[in-house]
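Reading the structure
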Amino acid sequence: MKLSPFTYCRPDSVAEAIELLAGDPASYPLAGGQSLMPAIALKERRADLLVDISRLDDLRGISFSGTSVTIGAAEPMWDLERSELIRTHLPLLTRALSTVAAAGIRSRATLGGSAGWADRTSQLPATLVALDATIVSSTRRIKAHEFFVGHGQTALNHDELVLRFEIPSASLGHHDLQVVRRTYITWPVAGAAAVGTDAGTIRVALFGAAPAPILIVTSDPADAAEQASDRAAPFDDEHATSTYRQRVIPVLARRAVANVLRVET
Amino acid sequence: MKVINLVINGKSTTSIVGDRMTLADYLRDEQGLTGTRLGCEQGVCGACTVIVRKRPVRACLYLAVQADGQEIETIEGLAPNATELSPIQDAFRQGHAVQCGFCTSGMLLTAKALLDENPNPDEDTIRDWMHGNICRCVGYQQIIEAVQLAAEQNATETP
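No experiment lies behind these values; they were computed from the predicted model shown. (Residues numbered from 1 in each chain as written. Chains lettered and ligands numbered in written order. Predicted model: local features only at pLDDT ≥ 70, side-chain atom pairs only at ≥ 80, totals over all residues. Heavy atoms only, no water.)

Examining the domain arrangement of chain A
Residues and elements named next belong to chain A. To be explicit about the condition: Each domain's limits were defined by an automated method or a database of domain assignments. Residue contacts are defined here by distance: any two heavy atoms, one from each residue, within 4.5 Å place the two residues in contact. Here's the idea: put two parts together, see how much 1.4 Å probe accessible area each one loses, and the total over both is what we call buried area. The rule for a salt bridge is simple: a side-chain nitrogen of Lys or Arg has to be within 4 Å of a carboxyl oxygen of Asp or Glu. Polar contacts, as used here, are pairs of N or O atoms within 3.5 Å; protein pairs need one atom able to donate a hydrogen and one able to accept it. Residues neighboring in sequence count only if both atoms are side-chain atoms. Secondary structure elements follow DSSP: runs of H or I no shorter than four residues count as helices, runs of E no shorter than two count as strands, and numbering proceeds from the N terminus. Each residue is assigned to one of three groups, with Ala, Val, Leu, Ile, Met, Phe, Trp, Tyr, Cys and Pro labelled nonpolar, Asp, Glu, Lys and Arg labelled charged, and all others, Gly among them, labelled polar.
By domain assignment, chain A separates into domain 1 (7-52), domain 2 (57-168) and domain 3 (175-264). Centre-to-centre, using C-alpha coordinates, domain 2 lies 19 Å away from domain 3. With 26 residues of domain 2 at the interface, the matching set in domain 3 holds 27 residues. Buried surface at the junction of domain 2 and domain 3, summed over both partners, amounts to about 2,100 Å²; 66% is from carbon and sulfur atoms. On the domain 2 side of the contact with domain 3, Arg95, Arg120 and Thr121 bury the most area, a combined 31% of that side's loss. Our enumeration of links across domain 2 and domain 3 arrives at two salt bridges. Our count for the domain 2 to domain 3 interface comes out at seven residue pairs in polar contact (both at pLDDT 80 or more). Per-element accounting of the side of domain 2 that touches domain 3 gives the leading share, six residues, to helix α8 (residues 123-130). Class assignment for the residues of the side of domain 2 that touches domain 3 results in 14 nonpolar, eight polar and four charged.

See the structure below:
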């Protein structure tokens, strides 16, 4: 379907972008547009104003500080996937990115967009939670596990922009990613992103299990499965039933933790 | 309405476009480059794939105004002239990788972007790149084989 009318603007600064967003309740920040544009085309979202933030320097770049990796919110997944720095320090993120949709989507899709969209079945919000990422917005710093509050819902205010992610290096801990999917181009059904920490515990974050990622910190596969089963708030969608999700989620949690442990021992 | 400057298949052009015009509609309706197909218009099918900065992108999810300043490569720019095919086009011809042809433009451009980045991809890599393009004739096997053929020809040309 063709897009309903809207105004497009490309501000030169974060401050100007925020002013534009604040001035119109039906405004959206636009970067890669790989979730927003289909939603507008399908009339699931109505936009009066699209504020293009993709060329703002404050939202770009990939760097390493010695303990954490900083990733600009509008950096395309294409560049993140190919970043040696991310591959070295955040191998779980590289792996998760490679499972997102297709090359022709990742060429424009951004990590900031994926976080802001906060789809309940997306692997990237869960990966950010597992990696204990800090989300730096135009006004504050928020831990990923507090940022995602529901399906399509984040802690962000309407006039607040995600600028960048700060993610502690996880190069030494092993990781695992479980993804159940029906097709590649659409959202997954469910999955688990897990990473070993310096403290010897494993952080596993579940997606497709509840409206927001579920974080479990454990060192025991059976405990992960039990917690996953207890805390799951499964739902029906066009890819799977809630009954299926309730059954598969503990299995994925157990496998992810077991796989992290197996390579560590 | 906004003024945009684009380079399309090596040729500079300046246009005035509406804010909501997609790059796909712009190429087809304003530039007459109807080789870019419009299938789903929601980013799923990949028929509208064009190449921007060496990357395959969905022209239906990309506003023309967002592409301001970019170099765009469409299917019309693939063949070197009116009588010769590019190597990937020739591989599709040899491998019978075309049925109704609707998905072919997007398939060829995705395959070209892959082979430009990685001249000798293995089968898993080819499948990983091509799965974002849907062929409703279900001619996937021949399409994968055609990309493999083009990759093999790359390998023999670059020892």
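A look at the domain arrangement of chain B
Residue and element names in this part refer to chain B. Per the domain assignment, the segments making up chain B are domain 1 (2-76) and domain 2 (87-157). The partner domain 2 presents 13 residues to the 17 residues of domain 1 that form the contact. Both sides together, the interface formed by domain 1 and domain 2 hides about 1,200 Å², and carbon and sulfur atoms give 62% of it. Counting the surface domain 1 buries against domain 2, the share from its top three residues, Arg37, Ile51 and Ile75, is 36%. Between domain 1 and domain 2 we count one salt bridge in total.

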